[in-house]
Amino acid sequence: MALVVEGLCCGYAEDKPIIKNLDFSLGAGKVTTVLGPNGVGKTTLFKAILGFLQPRTGSITIDGKAIAAMGRAELARAIAYVPQIQSMPFAYTVEETVLMGRAPHLKLLEQPRSKDCAAALHAMELMGIDHLAKKTCTEISGGERQMVFIARALAQEPQYFVMDEPTASLDFGNQVHVLERIIDLTQGKTGMLISTHDPSQAFTLKSDVLVMQHGYRCCSGYYRDVLTEELMHQTYGVEVIIRSIPYAAKQIECCMALIKETGHRHIRDSVQE
Amino acid sequence: MPQAERATGQRQAKSAVRLGGYGLLALALLALAVATVSLAVGRFSIDVPLLLSTLVQSPSAIGHLIRGEALGNEELVVFKMRLPRILAALIIGGAMGMAGAAFQGMFRNPMVSPDLLGATWGAGFGAACAMLFSLPMAVITGSAFLGGLVAVLLTYIFSSTLGRGSANITTLVLTGVVISALFQALISITKYVADPYSQLPGITFFLMGGLSGITWNDIAFILAPVLAGSVVLYSLRWRINILSLDDDESRSLGMDTQKVRILVIVCATLISAVCVAVSGMIGWVGLVIPHLMRMVFGPDYRRLLPASFLAGALYLVLMDDIARGMFSMEIPIGILTALVGAPVFLFLLFRYKGGWR
C-alpha cells in the first residue's frame, strides 16, 4: 500500500531531463516533505505523479498499479492536488469551489447531490472554513483561500494529497495557520507529499523528507537522519545551523540560515534621539 | 495584476445578489408574459381583449393553419406571422445567451462571445456560401454550422498556441478579431460574386440580421439542433465550472478536460450557428446577457446557464418588439442589438480597466 516512484526520468526537452533516476516511496497515511532549491524539479516531479507529464523512463505506481494505466477520474480518486494560490477567473463561492472536489466521484453528466454537498461541508468543517461557505473566493484572505483549496482536495476523498508549496506567498501569520491545519491532517489516513521552500517546516512537520539537489542527486529518509547542516549547505549553498531549543519542558528543533552581518546600522545605541 | 484582480473581485462580490431557483422561475415567467404580450405589438394593432379572445380560439386556429384553410385577420397576424417570429426570438435569444455563457466559462473569460470568437462570422460565411448556390435550407444550416466551427477552432488553436496553452484575454480577443476579419473578407467575396439581382439582396438582408422573414418552417429547422445542443450544455453545466479552472486543476479533479472542452465548443457553436442560418447576424446577445446574469445569479453555471438562456430569450423578444413597433418602418434587429451591445461592452472594458486578470 504505497505510492512508489522508481527510476523516474522526465523533463520537457528531449535531451535535457529535469529529473533523472529518482526513486522514492510514500506509504499509505505517511507524510513526506520535498525540499530543494528552485528549478531542481519539485514541480516537475509533482506533475509526473499527477499524470500531467509522461515519464521518459521509470514508473509511478499506486498500490502496484501504474498511474499511466489509470483513467483521469480513477487517478483523481487516488491523488488530490493542492495547487499554489492563483487567481480564479470567476468569483465562485467557497462552497461551490469545495464542491468541485466531488467531480471524480460523479459521472460526466451527473450533478452533485446532497451527499456530495454533505462531503463538501464536512471538508469545510475540517479546515475550519464552514463559516465562509457563502463568501466568494475573491473576498477572503490568501490564507483562507489556501484552506479552500485544501478543503476541495479533502472533498475528493483521496488516498494521497500532493501539495505544491502550500504556504508560498502567504504572510507570516497565515503560513502558521495553514501549517497547523496541515499538521492536523497528518493525523488522518491520507498520505501527503508536501513541497516547501522553507526547510524549518520539515522540522515542524516531523516527517520523512525527500531532498532534491542539483546534478540529479537526492536523499530521503526520516528528517532527523537526513537533514544535517552539511546537507543543507550542499543543497542550498548557504551556511545553516540546526539547534534544539528548550521551551516549556520540550525541545523545539529549528533550522536557521546564517546571514552575513550587516554592520552597525541597527545597533540601538546609535539611534538615540 | 493581483491588485487589479482584488479590486474587481471586491466590486463583483458587492454586486453579487446571487438569486437562486426562485429567480430562475421568475425570469421564466417574465419571459413567457412578455412573449404573450408581444403578440399584440406591431403595425396591425390588436388590443388586449382581442388578443385574449384570439388566444382562446388558438386550438381551432392552429388546426386551420395546419390544414391550410382560411383564417380571420387577427388570427392570421397572430398565428401565422407573429407567433413564429416571437418563438424564433425566444429560441435564438436563448441559444445565443447560453452559447455565450458556455464560451465565457470555457475560455475563463467574461469578455468572449460567439461574435468575438468569430463563430457568427464563420457561420455567416457558411450560410452565404450555401445561399450563393441557392441550396436548400437544411444545407444552409449545415454549412453555417461548419463555418462557425472552423472559425472557433481556428481562434482557439491560434490563441492557445500563441499563449502557450493558457489562452489569455488579449491573445484570445485579438485572434478573434483576426479570424472575424478573415471571414468578413470571405463574406465580401461571396457578395461580390453573387448575382446582383437575384442573390445579393437576399444575402445582404440576411447578414444584417432580422426575424422578419421567419416562418414555421424555419422554426422546425432550428428546433432540433438547438434543443440537442442546449440539452447537452445544460447537462454539462456543473462541469463547465470545473472547465473554467486552470487546466492542471481541472485535470487533477479527474476531468478529461480536452474532451469536455471540445464537446462544449461543438454544442455552443452548433446552437449559435444554426440561429445565424435563419436569423442572420444578431450580435452581442451572447456577450451582454451572460455577463449581466453573472452579476445577478453568480458564476456557478448550474444557475448561470439556465439564467442566460431565459434572459437571452426575454431580451431578444423585447428587442424584436422595439424593432417592430417603435418606428413606422421595421429596423433590422441586428442593428438594435449592436446599438445596445456596443456601449455595454465599452462599459465592461471600463469596469475592468481595459483588461481582465
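Right, let's walk through the structure included here. (Residues numbered from 1 in each chain as written. Chains lettered and ligands numbered in written order. Predicted model: local features only at pLDDT ≥ 70, side-chain atom pairs only at ≥ 80, totals over all residues. Heavy atoms only, no water.)

1. A look at the environment of Ile-86 of chain B
All names here are of chain B. The topology assignment puts Ile-86 in helix H5 (residues 73-106). Linking Ile-86 and Ile-240, residues 154 residues apart in sequence, is a C-alpha distance of 30 Å. Ignoring any residue separated from it by four or fewer positions in sequence, one finds Ile-86 in contact with Ala-35, Ser-38, Leu-39, Val-317 and Arg-324. (Helix = DSSP H or I, 4+ residues; strand = E, 2+ residues; numbered from the N terminus. Contact = heavy atoms within 4.5 Å.)

2. Quick word on the sheet that holds strand E4 (residues 57-62) of chain A
Residues and elements named next belong to chain A. Within the open sheet, the four strands sit side by side as E2-E1-E4-E5. Their pairing is antiparallel. Both edges of this open sheet fall to strand E2 (19-27) and strand E5 (65-66), since each of them pairs with a single strand only. Here strand E1 (residues 2-10) runs beside E2; their pairing, made up of six bridges, is antiparallel. For Ala-2, the partnering residue across the bridge sits in E2 and is Gly-27. Where helix H1 (residues 42-49) meets the sheet, it contacts E1, E2 and E4, and its direction lies at approximately 120° from that of E1. (Pairing = 2+ DSSP bridges. Axes fitted to C-alpha atoms, helices over the stretch in contact; angles between N-to-C directions.)

3. Describing the interface of chain A and chain B
Each side of the interface is counted separately: chain A has 37 residues, and chain B has 38 residues. Of the roughly 3,200 Å² buried between chain A and chain B, counting both surfaces, carbon and sulfur atoms make up 60%. Its largest share of buried area at the contact with chain B, chain A owes to Pro-89, Phe-90 and Leu-108 of chain A, together 21% of the area lost on that side. Among the ionic pairs, Glu-96 of chain A bridges to Arg-303 of chain B, the shortest N-O distance being 3.2 Å. Linking chain A with chain B are ten residue pairs in polar contact (both at pLDDT 80 or more), by the criterion used here. Of the residues belonging to the side of chain A that touches chain B, the class tally is 20 nonpolar, eight polar and nine charged. (Buried area = accessible area lost by both parts, 1.4 Å probe. Salt bridge = Lys/Arg side-chain N within 4 Å of Asp/Glu carboxyl O. Polar contact = N/O pair within 3.5 Å; in protein donor to acceptor, adjacent residues only side chain to side chain. Nonpolar A, V, L, I, M, F, W, Y, C, P; charged D, E, K, R; others polar.)

4. Overview of the side chain of Ser-279 of chain B
Residue and element names in this part refer to chain B. Positionally, Ser-279 belongs in helix H13 (residues 257-279). Judged by relative accessible area, Ser-279 falls into the buried class, the value being 1%. Setting aside residues up to four positions removed in sequence, Ser-279 forms contacts with Ile-92, Phe-206, Gly-209, Gly-210 and Leu-211. (Buried < 20%, exposed > 50% of the residue type's maximum accessible area, 1.4 Å probe, protein only.)

5. With respect to H5 of chain B
With 34 residues, H5 of chain B extends 48 Å between its outermost C-alpha atoms, agreeing within 8% with the 50 Å of an ideal straight helix rising 1.5 Å per residue. By the largest-angle criterion, Arg-82 of chain B marks the main kink of H5 of chain B, which is about 40°, and a proline, Pro-84 of chain B, follows within four residues. (Expected span 1.5 Å × (residues − 1). Bend = angle between axes of the 7 residues up to and from the residue.)

6. A closer look at the sheet that holds strand E9 (residues 208-213) of chain A
Residues and elements named next belong to chain A. Strand order in the open sheet formed by six strands is E6-E7-E8-E3-E9-E10, and the pairing between neighbours is mixed. Only two strands of the sheet have a single partner each, and these edge strands are strand E6 (79-82) and strand E10 (217-222). The sheet shows a mean angle of 15° between the axes of neighbouring strands, taken without regard to direction. Pairing of strand E7 (residues 160-164) with strand E8 (residues 191-195) involves five bridges; the strand directions are parallel. Within E8, the position partnered with Phe-161 by the bridge is Met-192. Along the sheet face, helix H5 (residues 142-155) touches E6 and E7 and points at about 170° away from the line of E6.

7. Here's the deal with the packing of aromatic side chains
Summed over the entire model, instances satisfying the criterion amount to seven aromatic pairs over all chains. Between Phe-52 of chain A and Tyr-81 of chain A the ring centres are 6.1 Å apart and the planes differ by 80°, which places this aromatic pair in the edge-to-face class. One end of the pair, Phe-52 of chain A, is in the loop between H1 and E4; the other, Tyr-81 of chain A, is in strand E6, and 29 residues separate them in sequence. Residue Phe-52 of chain A shares its accessibility class with Tyr-81 of chain A, and that shared class is buried. Geometrically, the ring pair formed by Phe-103 of chain B and Phe-107 of chain B is stacked, given 6.3 Å between the ring centres and 25° between the ring planes. Neither residue differs from the other here; Phe-103 of chain B and Phe-107 of chain B are each classed as buried. Aromatic ring contacts, followed pair by pair, group Phe-203, Tyr-222 and Tyr-223 of chain A into a single cluster. (Phe/Tyr/Trp six-rings, centres within 6.5 Å; stacked < 30°, edge-to-face > 60°.)

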